Amino acid sequence: MPVQTGPLGPFPEGADPEEYEKLRRRVLWKMPSGLYVLGAVGDGGASLNAMTLSWATQVSSDPKLVGVSVEKAAYTHGLVDESGVFVLNIIAREDRAIVRKFTKPIEVDRDAATLNGFDYVIAGSGAPVLARAVAWLDAGVRQRVDCGAYTLFVGEVLDCAFRAPEDTEVLRMEDTRLNYGG
Ligand SMILES: Cc1cc2nc3c(=O)[nH]c(=O)nc-3n(C[C@H](O)[C@H](O)[C@H](O)COP(=O)(O)O)c2cc1C
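Residues numbered from 1 in each chain as written. Predicted model: local features only at pLDDT ≥ 70, side-chain atom pairs only at ≥ 80, totals over all residues.

A. Spatial organisation of the sheet that holds strand E4 (residues 64–71). If you trace the seven strands from one edge of the open sheet to the other, you get E2-E1-E5-E10-E11-E4-E3, paired in antiparallel fashion. Strands at the two margins of the open sheet, each flanked by one partner only, are strand E2 (47–53) and strand E3 (56–61). Direction aside, neighbouring strands of the sheet carry axes that sit 35° apart on average. Bridge count for strand E1 (residues 36–42) against E2 is seven bridges, and the pairing is antiparallel. Bridge pairing links glycine 39 to alanine 50 in E2. Contacts from helix H2 (residues 75–83) reach E1, E2, E4, strand E5 (85–90), strand E10 (135–147) and strand E11 (150–162), with the element oriented near 55° to E1. (Pairing = 2+ DSSP bridges. Helix = DSSP H or I, 4+ residues; strand = E, 2+ residues; numbered from the N terminus. Axes fitted to C-alpha atoms, helices over the stretch in contact; angles between N-to-C directions. Contact = placed C-beta atoms within 7 Å.)

Structure follows, in structure tokens:
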């Protein structure tokens, strides 16, 4: 993977690269986004993982496709690439502490059926659903779009459900002091 050492172009004519890079990051951060936990499985079910992810969106209604963009360096990337499935967990606004717990390598306890201490159940694809997710989507990867340091996995929704009342408020980036990308 190329190592980024300086400002990343292209730059508008006359722009100072460093200043423009800071401005561009702030504009990109301004884009509203949700905040999810992506569940992944590998090695025929022997490996499970979950990671915090903000780059998720529906990309087609016919067929029902959702895209998630995962950094190639992430452990989750290899799992989704290999298994061809993922679960998108939609998190309650009051559970914002959860997403902080899935931004580093996690602890999987198969006996207790927990990921970082949070109960999980297994979706039809084999990927984990957080028991306290408001709702979840189980998806089968239909396309992989190379996006440089990331792969955009486009998945078809194979199954989904609510685990909490439908009117439960869900987590968005703006509910936290976090940001990502830019
Ligand atoms: C607010 C926030 C949003 C994030 N969104 C993404 C994302 O959309 N895609 C991604 O690849 N990583 C994202 N990350 C980083 C991953 O959560 C982080 O790299 C994680 O450790 C990857 O886990 P893994 O290596 O176990 O797969 C985000 C981190 C934070 C704090």
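Structure's up, so let's keep going.
B. Region of the structure containing the site of the ligand. Near the ligand there are 17 residues, and of these Trp55, Glu71, Ala74, Thr76 and Tyr180 occur at the shortest range. Looking at which element gives the most residues to the shell around the ligand, the answer is E2, with four residues. Taken together, the residues that form the shell around the ligand break down as nine nonpolar, six polar and two charged. (Near = placed C-beta within 6 Å. Nonpolar A, V, L, I, M, F, W, Y, C, P; charged D, E, K, R; others polar.)

C. Representation of the sheet that holds strand E8 (residues 118–122) within the structure. An order of E6-E7-E8-E9 is seen for the four strands of this open sheet, with the pairing classed as antiparallel. Where the open sheet ends on each side, the last strands, each with one partner, are strand E6 (108–109) and strand E9 (128–130). With two bridges connecting them, strand E7 (residues 114–115) and E8 associate as antiparallel partners. Of the residues in E8, the one forming a bridge with threonine 114 is aspartate 119.

D. Spatial organisation of the pairing of E1. Of all seven residues that make up E1, seven are buried, and the element is covered over most of its length. The side-chain alternation of E1 yields two buried faces, one formed by Tyr36, Leu38, Ala40 and Gly42 and the other by Val37, Gly39 and Val41. In this structure, the hairpin formed by E1 and E2 is closed by a connection of four residues, where aspartate 43 is found at a positive phi of approximately 50°. Of the strand pairs in this sheet, E1 and E5 are connected by four bridges, and their pairing is antiparallel. Each bridged residue has a counterpart across the sheet, and for glycine 39 the counterpart in E5 is valine 87. (Buried ≥ 20, exposed ≤ 12 C-beta atoms within 10 Å, placed from the backbone.)

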